[in-house]
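Here are the chains, one letter per residue:
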Amino acid sequence: MIKKFNFLFIALMMIMMGVRADEGMWLPYSINGQSLAEMQRLGCKLTAEQIFSFNQPSLKDAVVQFGGGCTGELISAEGLLLTNHHCGLGQVQAHSSVEHDYLQDGFWARSKAEELPNEGLTVSFLNYIEDVTAAMLKGVTDNISEADRAKLIAENRKQLVKEKKGNRNVEVEIVPFYHNNQYILFVYDVYKDVRLVACPPWGIGKFGADTDNWTWPRHKGDFCIFRVYTAPDGSPAEYSKDNVPMKSKHFLPISLKGVEPGDYTMIMGYPGSTDRYSTSGAVKNVIELEGPAIIACRTTKLEQYRKHMDADQAVFIKYASKQASVSNYWKYYIGQVKQLKNNKVFEKRTEQETAFKQWVQQDKARATAYSGLFDEIDKYWNYQSQFTKALIYYREAGWRGGEAVSFAVRFRAVNNAINNKSLPYHELVDYTQSMQEIVDDYFKDYDKATDLDVTIALLNLFYKDITPDQLPLIIKKAGDKNGGDFSQYIRNAFAKSIFVDADKMNAWLKAPKSLDKDPIFALMSEIVNAYLTLSEQAEQVTNSRSERLYMKGLMEMQKDRNFYPDANFTMRLTYGSVQDCEPKNGVRYDYITTLDGVMEKYIPGNWEFDVPQELIRLWEKKDYGRYADKNGDLVVNFITTNDITGGNSGSPVIDAEGNLIGLAFDGNWEAMSGDLSFENKVQRTICMDMRYLLFIIDKMANAQNLMQELKIVE
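In what follows, the accompanying structure is described. Computed from a predicted model, the values in this text were never measured in an experiment.

## So, the overall build of the protein chain
Helix and strand counts for the protein chain stand at 29 helices and 22 strands. Projected onto the principal axes, the alpha-carbon positions of the protein chain cover approximately 85 × 75 × 55 Å. Put simply, 78% of the contacts in the protein chain that link residues at least 6 apart link residues at least 24 apart. Carbon and sulfur atoms make up 51% of the accessible area of the protein chain, which totals about 30,900 Å².

See below:
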């Protein structure tokens, strides 16, 4: 009986261990014994060298930072690259028109000659890492002021980057870890010829749109395919017709095996930003000030976007990528504020700080070392609370609000040159005419009527929500005069400004003169100048020392804890498994969704839930080929316990043998507090199943040129 009880107890413990989420965004080059052992316990069959190595091809050589804000992975020997649809949406939109609506209809290059170049798009491969903490802190002492410390570190950084870069065609950056207690140098090869190969129709790649965003269950084919090109010698190069497809150092085979509960999953990518070691003051600031301010501004902006996009397909094409960008973190903050409250993150932080204070008082040396720490922390957050909301409105509703106002920011430098007469006139004209390309790009995707309504609505909100003493003077005066309604004020400004009229702008480029009297430029200038003044006030009290000291203390207090660094857009590895989820009492979510679920949500003509007719035809015939699961269903998405955040979009989900089984694209609503506090019971990563990718490429698009290029394993 005892043996039976022990067996059941062990089995129960294994089940409990299996359903918890797996916290940690680990630096893959320094996976320690504890992490590697846990990975192997979950089923990983790869060695540390196979995962990350500078001496031989490894998984890290297939993973790239895509476009500066997403992740991608190589899936063929010829530089074919996979990422999320929403990561490539800007490039797809740039190539689209009413006549060639690649957003709605999708795009498939049937040969390499048809692949489309994308100016400004880059992918970065990591090729070297070094801990440079000692060199960065050279000359830094405990008694040095924070200002002098920052200045000295900046000088050390500049010298180190110069030494490491030399004459090489690489990008070198030094990134702080653990709240500036450690510094690591990263060297990247940056490739600048990245061409669009394929993307699915809107009804697949964007299925569910805003309604489904950040939620499970999902039914989205969130993928886009590009190709990396190099100079003929294999080196990074700007776009040229003479460039050739990259010869991949390593690429990921695609598995048809599918997923089952408990299957090992590993994700490598470039997560953007987390703040899991922050204090309760930071959490309170997000809940009460930062989150609500961003939500209010973006709600206002999205209402105007939606009104114009729904009324005109040409506007829809122009604003699809802009709307998606604004919407993504609008809904993110709605979820984050809600789940920070639900998951009692502020209370958890307060408990941790209480434990820290008790630990400090148990030792005289510690009491001296950390004396006044929380007085300093409280002072900072009490001070910042005066500025947080206003500064967010300055950005979201002010100089980054209306497009014309935001675009005018790019002309500050040239206007200063005009006013100061710091350039001969002929050189000035040469410079302004060199701006023709950015002007053309701006007006290509600009709709004056949409921007008019957006700008009016945001300035109305700005005037209403921010106290008079923190408003830019130009907005206060206009608002006081017009009763808080900026409709006529902005209409008058738009009637006169060059920033809303391509002909006026092009004429100015040929004969530039001071922009001070342009009403949009004047509005922008006063907003930016007032913002800089307010920012300087806010920066008079900093928390750099207190954050650094608190982090150092936490790591000292919890010596047995395996601390991973917060995300900061450097390569990370997370490990976990495929699992279902029980987010609350009486609710259980399955670990997969299928094409049947897509059709359950299908709404003909709806911008979020319409689907291509060919997909409907294949579903009706159940024509899934070898991509069906053992039950004859076509799996679309699945969830895992991996730990990810923004920036991981497009990251590969890799199985125990190193094969690609999924594409990470989202987190779940119940764990939206995850950037500040990982929620072990409910945190999930939402992934697109690779069988769905292959089904779309093969059965729906009939892109056999791509199928022949992929390495598919059964």
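What follows picks up the thread again.
## Things to note about the nonpolar core
In terms of nonpolar packing, the biggest core is built from 208 residues, with Met-39, Ile-51, Phe-411, Phe-499, Met-505, Leu-615 and Tyr-692 touching the most fellow members. Setting aside chain neighbours within four positions, we find Phe-499 in contact with Ala-404, Phe-407, Ala-408, Phe-411, Tyr-442, Phe-443, Tyr-446, Met-505, Leu-515, Asp-518, Ile-520 and Phe-521. Among the nonpolar cores identified, the runner-up in size contains 10 residues, and Val-170, Tyr-183, Leu-185 and Val-187 belong to it.

## Considerations on helix H12 (residues 345-361)
Over its 17 residues, H12 extends 25 Å from the first C-alpha to the last, a length consistent with the 24 Å expected when each residue adds 1.5 Å. On its buried face, H12 is in contact with helix H10 (280-311), helix H11 (313-342), helix H13 (364-369), helix H14 (373-384) and helix H25 (544-557).

## Quick notes on the packing of aromatic side chains
For any pair of aromatic rings, the description consists of the separation of the ring centres together with the inter-plane angle of the planes. If you walk through the whole model with that rule in mind, you get 47 aromatic pairs. Each ring, one from Tyr-394 and one from Phe-462, has its centre 5.2 Å from the other, and the planes form 80°; the classification is edge-to-face. Of this pair, Tyr-394 sits in helix H15 (residues 388-399) while Phe-462 is found in helix H20 (residues 448-465), placing the two residues 68 residues apart along the sequence. Like Phe-462, Tyr-394 is buried.

## Let's talk about the environment of Glu-620
Secondary-structure assignment places Glu-620 in helix H27 (residues 613-621). Exposure remark for Glu-620: the relative accessible area of 57% places this residue in the exposed category. As a C-alpha pair, Glu-620 and Met-25 span 595 residues in sequence and 42 Å in three-dimensional space.

## Considerations on the side chain of Glu-396
Here Glu-396 is to be found in helix H15. Residue classification places Glu-396 among the buried positions, given a relative accessible area of 12%. Within the structure, Glu-396 has its side chain in polar contact with the side chain of Arg-298 (distance 3.0 Å).

## Re unusual backbone geometry
Both trends apply: most residues other than glycine have a negative phi, and most peptide bonds are in trans. Residue Pro-217 is bonded to the preceding Trp-216 through a cis peptide linkage, with omega at 10°. Its location among the elements puts Pro-217 in the loop between helix H9 (209-212) and strand S10 (224-230). The backbone of Lys-421 shows a phi angle near 50°, a positive value even though the residue is not glycine. Structurally, Lys-421 can be placed in the loop between helix H17 (412-420) and helix H18 (425-433).

## Section: empty space enclosed by the protein
For the structure on display, the rule yields one cavity of 30 Å³ or more. Of the volumes computed, that of the largest cavity is approximately 100 Å³. For the lining of the largest cavity, the secondary-structure elements that each account for two or more residues are H14 and H25. Top element by residues in the lining of the largest cavity is H25. It accounts for four residues. Looking at the lining of the largest cavity residue by residue, the class counts come to six nonpolar, five polar and one charged.

## A closer look at the packing of H20 against helix H21 (residues 473-482)
Here H20 crosses H21 at 95°, and the two axes come no closer than 10 Å. Taken together, H20 and H21 sit at an angle that is classed as roughly perpendicular. Residues Leu-459, Phe-462 and Tyr-463 of H20 lie in contact with H21, whose contacting residues are Ile-475, Lys-476, Gly-479 and Asp-480. Broken down by class, the residue content of the contact of H20 with H21 amounts to four nonpolar, one polar and two charged.

## Quick notes on the state of the cysteines
Tallied over the full model, the rule gives one disulfide. In this model Cys-70 forms its disulfide with Cys-87; the gap between the sulfur atoms is 2.2 Å. One quick way to see it: the torsion about the S-S bond of Cys-70 and Cys-87 is about -85°, and its sign makes the bridge left-handed. Placement of Cys-70 in strand S2 (residues 70-74) and of Cys-87 in helix H4 (residues 85-94) is noted, with a sequence separation of 17 residues between them. In this structure Cys-70 comes out as buried when scored by relative accessible area, which is 11%. A disulfide-free cysteine, Cys-581 has its sulfur positioned 13 Å from the sulfur of Cys-687, the nearest such atom.

## Brief notes about the layout of surface pockets
Put simply, the second largest pocket is a space of about 1,100 Å³. Lining the second largest pocket we find 28 residues, and of these Gln-93, Ser-321, Lys-322, Asp-441 and Asp-445 sit closest to its centre. Those elements that provide at least two residues to the lining of the second largest pocket are H4, H10, H11, helix H16 (403-408) and helix H19 (436-444). Classifying every residue of the lining of the second largest pocket gives seven nonpolar, eight polar and 13 charged.

Cut-off values and rules
Residues numbered from 1 in each chain as written. Predicted model: local features only at pLDDT ≥ 70, side-chain atom pairs only at ≥ 80, totals over all residues. Heavy atoms only, no water. Helix = DSSP H or I, 4+ residues; strand = E, 2+ residues; numbered from the N terminus. Contact = heavy atoms within 4.5 Å. Areas by Shrake-Rupley, 256 points an atom, 1.4 Å probe, with all protein chains shown as cover. Core = buried A, V, L, I, M, F, W, Y, C linked by side-chain atoms within 4.5 Å. Buried < 20%, exposed > 50% of the residue type's maximum accessible area, 1.4 Å probe, protein only. Expected span 1.5 Å × (residues − 1). Phe/Tyr/Trp six-rings, centres within 6.5 Å; stacked < 30°, edge-to-face > 60°. Polar contact = N/O pair within 3.5 Å; in protein donor to acceptor, adjacent residues only side chain to side chain. 1 Å grid on protein atoms, 1.4 Å probe; cavity = no way out; pocket = protein on both sides within 12 Å on 5 of 7 lines; lining within 4 Å. Points joined across faces, edges and corners; volume = space filled by probe spheres on them. Nonpolar A, V, L, I, M, F, W, Y, C, P; charged D, E, K, R; others polar. Axes fitted to C-alpha atoms, helices over the stretch in contact; angles between N-to-C directions. Parallel < 35°, antiparallel > 145°, perpendicular 65-115°, else oblique. Disulfide = S-S within 2.5 Å.

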